[in-house]
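Coordinates in review
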Amino acid sequence: MMDNFKEDIVTSRSTLLHNVLYALCWVMIVVSGIYAFLLLQVLMVAFTVPTLLVTLLSAGCAVLLFFAKDNLKTEYEYTFTNGMLDFAKVMRGAKRKELGSMNVANISACGHVAHDSFRRYLSMKDVEKKNWFLNRDGNLFYFYYVKENKKHMIVIEPSEELVQMMIPYFQAGVYQG
């Protein structure tokens, strides 16, 4: 028997903007770090509370930007294998974060975001929504399911080939089009 396997990697279409922001992030990290270091030297000579606050603010800005810069180069990876769909977030092509896994036979409803059923499930009370996509104008697809009495919705950006591969694994009436 042949396995049904498909892997989709979703990247942002506006790469120029992300590349410019990434470069600007690095410039601000270096500038903030150097400024914090210079202010630290000033503090050694003449301690003042305002200088200490500006030093901490500048150093904090450099550290926060250092950790946040990887979110500018993000990809999402969807792997489908015989009814199991795995989700992962890949940052800068190096760091991989597993987001979750689901058996598509256990979902309550799914379909394209453009379909009316999406708005119906989205308007329900207490739905926890997870957006695991990058391009708002992409081929967005949703999964609605209930787990441990909590309502969940996942929105992803799969290829049409992946959607067609998943359809036979859905229970009757789950796929909303």
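The structure under discussion appears in the preceding block.
Okay, so let's go over this structure.

Here we take up the sheet that holds strand 3 (residues 84-91). On the basis of which strands lie adjacent, the open sheet formed by four strands has the order 1-2-3-4 and antiparallel pairing. If you trace the sheet from one side to the other, it starts and ends with strand 1 (5-10) and strand 4 (95-103), each paired once. Averaged over all adjacent pairs, the angle separating strand axes in this sheet is 15 degrees, with direction ignored. Direction of pairing for strand 2 (residues 74-81) relative to strand 3: antiparallel, over a ladder of eight bridges. Paired with T81 across the two strands is M84, which belongs to strand 3.

Right, let's get into the pattern of salt bridges. Under the criterion given, the structure shown has eleven salt bridges. Where E98 meets R96, a salt bridge forms, and the shortest distance between an N and an O atom there is 2.8 Å. Judged by relative accessible area, R96 falls into the partly exposed class, the value being 45%. D116 serves as the salt-bridge partner of R119, at 2.8 Å between the closest nitrogen and oxygen.

The next thing to look at is the environment of A88. You can see A88 is positioned in strand 3. It is 9.5 Å that separates the C-alpha atoms of A88 and I9, two residues lying 79 residues apart in sequence. Not counting the four nearest positions on each side in its chain, A88 is found in contact with E75, Y76, E77, R96, K97, E98 and L99.

Side chains of W26, V30, I34, F37, L38, L40, M44, V45, V63, F66 and F67 sit close together on the surface and give an oily, nonpolar patch of about 1200 Å² of accessible area. For the nonpolar patch, the secondary-structure elements that each account for two or more residues are helix 1 (15-45) and helix 2 (49-68). Top contributing element to the nonpolar patch by residue count: helix 1, with eight residues. Mapping V45 onto the fold places it in helix 1.

We now examine the state of the cysteines. A covalent bond between the sulfur atoms of two cysteines is what we call a disulfide. Overall, the coordinates contain zero disulfides when judged by the stated rule. No disulfide involves C25; its nearest neighbouring cysteine sulfur is the one of C61, lying 8.7 Å away. Under the relative-accessibility criterion, C25 is labelled buried at 9%.

What counts and what doesn't
Residues numbered from 1 in each chain as written. Predicted model: local features only at pLDDT ≥ 70, side-chain atom pairs only at ≥ 80, totals over all residues. Heavy atoms only, no water. Pairing = 2+ DSSP bridges. Helix = DSSP H or I, 4+ residues; strand = E, 2+ residues; numbered from the N terminus. Axes fitted to C-alpha atoms, helices over the stretch in contact; angles between N-to-C directions. Salt bridge = Lys/Arg side-chain N within 4 Å of Asp/Glu carboxyl O. Buried < 20%, exposed > 50% of the residue type's maximum accessible area, 1.4 Å probe, protein only. Contact = heavy atoms within 4.5 Å. Patch = residues over 30% accessible without salt bridge, like charges linked within 9 Å, V, L, I, M, F, W, Y side chains within 5 Å. Areas by Shrake-Rupley, 256 points an atom, 1.4 Å probe, with all protein chains shown as cover. Disulfide = S-S within 2.5 Å.

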